[in-house]
Amino acid sequence: MSSVFLVGAHGHIGQQIVADLADKGVTVFAGIRDLAQADVFPDSPFVHPTEFDLNALPDKMADQFKATGADTIVFSAGSGGKTGDDQTLIVDLDGAVKTMEGAEQAGIKRYIMVSSIFSNHREAWDASGIKPYMIAKRYADEMLKQTSLDYTIIRPGYLTNDAGTGEITINPADEKGVKIPRADVAATITELIDAPDTIRQSYTIGSGDTPIDQAF
């Protein structure tokens, strides 16, 4: 990989992805709403905080993606299910779809989507307590599958702030109660970027005993 444009870089997972990429010597354009948020990123020549507006139109996003020279888009933005349903639609559905359209217009093929466990299981949505969020994630994923992009979709289990273990499980038979540290989600995303066998694939991940650098 030569460079990555990360949408949602100020989120907890996003911040860790930025740090992981910088540690690997990968240029990352850290997309944030306000450049005042940039103080959360490591002071590294590989990190370029970039103001990015999810309310912008796809052609403007395409221009921005193209200007950076990035060859990969990672979408890690999210309302988290804690905002109003309007923001869930704006960020997790329409915002995500616009970045896909922007990536296609910019000629960028590789696209990694951070989705959510159970987004592909309607029967679990009512019990989740964040049904609108699950719906938005589901249909953003479905729209991604219809693009020409070399996508990979990751559905993490319930997120924790525990220290990363460097090990995961993929597509657990029983997804109930599956958890994973945010640090391990970020490490997985970083590993996936250059994993061609994962193109046009979707995975649910949780904590496990398979080293992330061997999982894919």
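Residues numbered from 1 in each chain as written. Predicted model: local features only at pLDDT ≥ 70, side-chain atom pairs only at ≥ 80, totals over all residues. Heavy atoms only, no water.

Trainee: Which parts of the structure should I look at to understand the overall build of the protein chain?
Mentor: For the protein chain, the count of helices and strands is seven helices and 11 strands. In terms of overall size, the protein chain behaves like a compact globule, its C-alpha atoms giving a radius of gyration of 16 Å where 216 residues would be expected to give roughly 17 Å. Within the protein chain, buried positions represent 50% of all 216 residues. In the protein chain, the share of contacts with a sequence separation of at least 24, taken over all contacts with a separation of at least 6, comes to 66%. (Helix = DSSP H or I, 4+ residues; strand = E, 2+ residues; numbered from the N terminus. Rg over C-alpha atoms; globule rule 2.2 N^0.38 Å. Buried < 20%, exposed > 50% of the residue type's maximum accessible area, 1.4 Å probe, protein only. Contact = heavy atoms within 4.5 Å.)

Trainee: Before we go on, may I ask you to explain the environment of N120 in this structure?
Mentor: Here N120 lies in the loop between β5 (110–114) and α4 (125–128). Residues N120 and M134 lie 14 residues apart in sequence; the distance between their C-alpha atoms is 8.4 Å. When sequence neighbours within four positions are dropped, the list of residues in contact with N120 reads R138 and R155.

Trainee: Would you mind showing me how to read helix α2 (residues 58–68) here?
Mentor: Turning to α2, its buried residues are P58, M61, A62, F65 and T68. Summarising the axial view, the buried residues of α2 lie within an arc of 130 degrees, below the 170-degree limit, and thus occupy one face. The outward face of α2, more than 90 degrees from its buried face, is lined by the exposed residues K60, D63, K66 and A67. G69, located one to two residues past α2, shows a positive phi value of around 80 degrees. (Arc of directions from axis to C-beta.)

Trainee: I would appreciate a short explanation of helix α1 (residues 12–23) in the present structure.
Mentor: Side chains of residues three or four places apart in an α-helix project in the same direction, reflecting 3.6 residues per turn. In this model α1 runs 17 Å from its N-terminal to its C-terminal C-alpha over 12 residues, within 8% of the 16 Å that 1.5 Å per residue would give. Regarding α1, the residues found buried are I13, G14, I17, V18, D20, L21 and A22. Next to the buried residues of α1 lie β1 (3–7), β2 (27–32), β3 (47–51), β4 (72–75), β7 (158–160) and α6 (182–192). Of the residues flanking the end of α1, it is G25, one or two places downstream, whose phi is positive at about 75 degrees. (Expected span 1.5 Å × (residues − 1).)

Trainee: Could you clarify how one ought to interpret the pattern of salt bridges in this entry?
Mentor: Once their charged atoms are close, side chains differing in charge can pair, the charge on each being opposite to the other. Across all of its chains, the model carries five salt bridges by this definition. For the salt bridge of D94 with K98, the shortest nitrogen-to-oxygen distance reads 3.7 Å. One end of the pair, D94, and the other, K98, are both in helix α3 (residues 85–106), four residues apart, so they sit about a helical turn from each other. Here D94 falls in the partly exposed class, since its relative accessible area comes to 40%. (Salt bridge = Lys/Arg side-chain N within 4 Å of Asp/Glu carboxyl O.)

Trainee: What exactly am I supposed to notice about empty space enclosed by the protein here?
Mentor: Applying the stated rule across the entire model yields one cavity of 30 Å³ or more. S119, N120, R138, D141, E142, K145, I153, R155 and S202 are the residues that line the largest cavity. Secondary-structure elements contributing two or more residues to the lining of the largest cavity are α5 (131–145) and β6 (150–156). Residue contributions to the lining of the largest cavity peak at four residues, all from α5. Residues of the lining of the largest cavity, tallied by class, amount to one nonpolar, three polar and five charged. (1 Å grid on protein atoms, 1.4 Å probe; cavity = no way out; pocket = protein on both sides within 12 Å on 5 of 7 lines; lining within 4 Å. Points joined across faces, edges and corners; volume = space filled by probe spheres on them. Nonpolar A, V, L, I, M, F, W, Y, C, P; charged D, E, K, R; others polar.)

Trainee: How should the pairing of strand β8 (residues 167–170) be read in this particular structure?
Mentor: Strand residues, when the strand is regular, have side chains that alternate between the two faces of the sheet. The pairing of β8 with strand β11 (residues 210–211) spans two bridges and is classified as antiparallel. Looking across to β11, one finds that E167 is bridged to P211. Pairing between β8 and strand β10 (residues 201–207): three bridges, direction antiparallel. Note on β10: the bridge partner recorded for T169 is G206. (Pairing = 2+ DSSP bridges.)

Trainee: What is the right way to read the packing of aromatic side chains from this model?
Mentor: Given two aromatic rings, one states the distance between the centres and the angle between the planes to describe the pair. Summed over all chains, the structure comprises five aromatic pairs. A centroid spacing of 4.9 Å and a plane angle of 70 degrees characterise the contact between F5 and F65, whose relative ring orientation is edge-to-face. Of this pair, F5 sits in strand β1 while F65 sits in helix α2; the two residues are 60 residues apart in sequence, bridging distant segments of the chain. For F65, a relative accessible area of 0% translates into the label buried. One aromatic cluster in this structure is built from F5, F52 and F65. The ring of Y139 is capped by R138, whose NZ or CZ atom sits 5.9 Å from the centre of that ring. (Phe/Tyr/Trp six-rings, centres within 6.5 Å; stacked < 30°, edge-to-face > 60°. Lys NZ or Arg CZ within 6 Å of the ring centre and 35° of its normal.)

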